[in-house]
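Structure assessment
Given next are the chains, with one letter for each unit.
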Amino acid sequence: MLMALGMFIFEIPTLAHDEMQRKAQWVHARSGRVGARDATQYVGPGAETVSLSGAVYSEITDGAVCIDQLRAMADEGDPYPLLDGTGLVFGNYVIEAIDERHAAIMADGRARRIDFAIDLLRVDDPVTDEAAA
């Protein structure tokens, strides 16, 4: 297992991603000052996103079916826990976008290769998380 989003497992028989990008932001409020740089105040964590990308080949698995499973999960709008193969829990994420590109089209119209990218947004509520702890 490379990674899991809820009950969907990213691995060779489903969708094995080649790259993972994780981006976190922190919010600093700004207040303008005359003749000086803006004053700033840290107000808390901002958006945290994870992007997974890779390619799936029809000789190995039916990537279109797996992408459709992820689309169905995205349609529900529910947050899912995201964890990697070592058991590291990243938090709860929703699927924001799925991008796919079909290439090497065969005679029946199916793609031999599907390049994909999945954008996830962390939706944990820190106030709720602290109360639960």
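In short, a report on the structure. (Residues numbered from 1 in each chain as written. Predicted model: local features only at pLDDT ≥ 70, side-chain atom pairs only at ≥ 80, totals over all residues. Heavy atoms only, no water.)

1. What about unusual backbone geometry?
- Located in the positive-phi region is Ala104, a residue other than glycine, with phi close to 55 degrees.
- Tracing the chain through its elements places Ala104 in strand 6 (residues 89-105).
- With relative accessibility at 47%, the residue Ala104 sits in the partly exposed group. (Helix = DSSP H or I, 4+ residues; strand = E, 2+ residues; numbered from the N terminus. Buried < 20%, exposed > 50% of the residue type's maximum accessible area, 1.4 Å probe, protein only.)

2. Remarks on the pattern of salt bridges
- Applying the stated criterion to the full structure yields 6 salt bridges.
- We note a salt bridge from Glu48 to Arg22, for which the minimum N-O separation is 2.8 Å. Here the residue Glu48 occupies a position in strand 4 (residues 36-57), and Arg22 occupies one in strand 3 (residues 17-33), the gap between them amounting to 26 residues.
- Residue Glu48 is classed as buried on the basis of its relative accessible area of 13%.
- Here the salt bridges share partners, and the residues they tie into one network are Arg22, Glu48 and Arg122. (Salt bridge = Lys/Arg side-chain N within 4 Å of Asp/Glu carboxyl O.)

3. Examining the environment of Val56
- Secondary-structure assignment places Val56 in strand 4.
- Sequence-wise, Val56 and Pro79 are 23 residues apart; in three dimensions their C-alpha atoms are separated by 25 Å.
- Val56 has contacts with Thr14, Leu15, Thr61, Gly63, Arg112, Arg113, Ile114 and Phe116, leaving out every residue within four places of it along the chain. (Contact = heavy atoms within 4.5 Å.)

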